[in-house]
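Each chain is listed here by its residues.
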Amino acid sequence: MIGAPKLGRSVVSTLIRKRTSIALVSVFAFAILWITSAGAVTPGDLDPSFGTGGKVATDFGGSEAAQALILQPNGKIVVGGSTYQGDEVTAALARYLPDGSLDPVFGGDGTVTLGVSGSIWGLAFRPGGGVIAVGEFGAVRIQWNGLLDTTFGTNGVAQLPFGNAWDLAIQQDGKIVAVGCNGCLGNSDFRVARLNPDGTTDESFGNGGEVDTDFDAQDTPFAVAVQRDGRIVVAGWAENANSTESDFALARYNPDGSLDSTFDGDGRTTIDFGAREFAYDLAVQSDAKLVVVGQSTLPPTGNDFALARLNTDGSLDTQGLDRYLDAPFGTGGKVLTSFGDDDIATSVEIEPGGKILVAGLASPEGTDGDFGLVRYNVDGSVDSSFGTAGKVTTAMTTGEDVPWGVVVQRDGRIVVAGGSQGSGSDDFLLARYQVRGCCFIDGSPPGGPPDPGPLP
Ligand SMILES: [Ca+2]
Ligand SMILES: [Ca+2]
Ligand SMILES: [Ca+2]
Ligand SMILES: [Ca+2]
């Protein structure tokens, strides 16, 4: 699904580089241990109290990929994706305790394989308990113990009017907004659909429960958020007919599904970085500005992390509304960040203090591709107190490690989840990172309410 990351790297040179890195690691191991024991934590360091050295891999017995990540209020971590076994792709979920171990309350061993085909691409908590997941299969509701709720939709599965749902958001009234495209090929458009909380089509939304929005030839919506005022924002990309040019594309809708004319005049806007752009995630800041992230592809430098921030009226955040308090974002509202080669931002989360965390595939020159994480200040500059000059890369496998979700715990620690391609052992992959002053190095859980009880 990710644009077109180049895989044509020399395996031999990769192996040589890996051996060199191992040698360097052993040389510096004592120094790193000493620094850790002295309590000097650099924000962005892996959290040793999570899994093994800050990393977790979960195998379902096949080829897995994690594509959605949410955090329960009590600190448990829910990850959704797929497992490929015996020529079948099946929706799969895992739930983890705060220390990264699998939660046996969930499905008996922490993992659940749903009896629906296709991958989970979006997860969200449902008010009143349970989790809604969307993907190729439509939408399902999962109970606190991992079981499918068969009172939802038809025998537990609600149909959605597209081949694949890429994301969802849940309104305050419990209605479910999902995005996908009417074909995703040829002359496709953004399609937004809304379900009632019980999984039936919400006929009050748009045209019989769905809305189509055209930008260019091939339009693909990939992320959706519901603003606090109830308006619905969708981000993705608009591509021309011969795939030579594409831009970030955003649409905003009123709660009834009509385009919001206060957003760039007609409810739609596109953002060009001067190359081919694809947007994969969207976050709404506390001041209602929108942050969109994805990739910009400009040969020969490959893909870069691409970020844009929009004002609430849909214009790029080029000035800031208050010259003292509200800094403009990047250059002309846009930021590009390179790790070296093929770098693709897939997920964004706003920290409580307003800093912006972006996770994605990071490929420093010549590497096989790893989890990448960048923390930005509110003005779009990289936060130099984080990692190395604002960036962190984590090799999860010898393959191409692609994160598809980032969340911030209540204690500030950062969890990233995703999968890998080409390593030969594709599992759900998670990493957790520390932040400055982190006092949770002993693994004490953040506490909070217990799991919600069974659905009524
Ligand atoms: Ca596996
Ligand atoms: Ca179109
Ligand atoms: Ca473009
Ligand atoms: Ca890797």
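Since the model is a prediction, treat every value here as computed from it, not as a measurement.

## What about the overall build of the protein?
- Helices and strands together make up the secondary structure of the protein, namely one helix and 28 strands.
- Among the 456 residues that make up the protein, the fraction classed as buried is 48%.
- Across the protein, every contact between residues at least 6 apart in sequence was considered, and the portion connecting residues at least 24 apart equals 52%.

## Comments concerning the environment of Asp 212
- Residue placement: Asp 212 occurs in strand S13 (residues 210-213).
- You can call Asp 212 partly exposed: it has 16 C-beta atoms within 10 Å.
- Remark: the alpha-carbon pair of Asp 212 and Gly 257, spanning 45 residues in sequence, is separated by 9.7 Å.
- Excluding residues that lie within four positions of it along the chain, Asp 212 makes contacts with Asn 182, Asp 189, Phe 190 and Arg 191.

## Quick look at unusual backbone geometry
- Positioned with a positive phi, Asn 155 is a non-glycine residue whose angle comes to about 55°.
- As for its placement among the helices and strands, Asn 155 is situated in the loop between strand S8 (138-142) and strand S9 (157-158).
- Taking the number of C-beta atoms within 10 Å as the measure of exposure, Asn 155 has 9 and is therefore exposed.
- A positive phi angle is found at Ser 243, which is not glycine, with a value near 55°.
- Inspection of the secondary structure puts Ser 243 in the loop between strand S15 (232-239) and strand S16 (246-253).
- For Ser 243, a count of 10 C-beta atoms within 10 Å puts it in the exposed group.

## What to know about the environment of Ala 431
- Topologically, Ala 431 is positioned in strand S28 (residues 428-433).
- Residues Ala 431 and Phe 371, 60 residues apart in the sequence, show an inter-C-alpha distance of 8.7 Å.
- For Ala 431, the residues in contact, after removing those within four places along its chain, are Leu 46, Gly 54, Lys 55, Phe 371, Thr 394, Met 396 and Val 416.

## Notes on the sheet that holds S28
- Within the open sheet, the four strands sit side by side as S1-S28-S27-S26. Their pairing is antiparallel. Only two strands of the sheet have a single partner each, and these edge strands are strand S1 (55-58) and strand S26 (400-408). Strand after strand, the sheet turns through a mean of 20° between neighbouring axes, direction not considered.
- Two strands pair when backbone bridges link them, and S26 and strand S27 (residues 414-421) are joined in this way by eight bridges, in the antiparallel orientation.

## Quick notes on the confidence of the model for the protein
- Overall, the predicted model of the protein reaches an average pLDDT of 87, with 85% of residues at or above 70.
- Here residues 1-38 scores under 50 on pLDDT; set against residues more than four positions off or in separate chains, the count is 25 contacts.
- pLDDT under 50 marks residues 452-456. Its contacts with residues more than four places away, or in other chains, come to ten contacts.

## Things to note about the sheet that holds S16
- With respect to topology, four strands assemble into an open sheet ordered S14-S15-S16-S17, the strand pairing being antiparallel. Among the strands making up the open sheet, the edge pair consists of strand S14 (218-226) and strand S17 (268-271). Geometrically, the sheet is characterised by an average inter-axis angle of 25° between neighbouring strands, direction not taken into account.
- Bridge count for S15 against S16 is eight bridges, and the pairing is antiparallel. When the bridges of S16 are listed, Val 233 appears paired with Arg 252.

What counts, and where the lines are drawn
- Residues numbered from 1 in each chain as written.
- Chains lettered and ligands numbered in written order.
- Predicted model: local features only at pLDDT ≥ 70, side-chain atom pairs only at ≥ 80, totals over all residues.
- Helix = DSSP H or I, 4+ residues; strand = E, 2+ residues; numbered from the N terminus.
- Buried ≥ 20, exposed ≤ 12 C-beta atoms within 10 Å, placed from the backbone.
- Contact = placed C-beta atoms within 7 Å.
- Pairing = 2+ DSSP bridges.
- Axes fitted to C-alpha atoms, helices over the stretch in contact; angles between N-to-C directions.
- pLDDT = per-residue confidence, 0-100.

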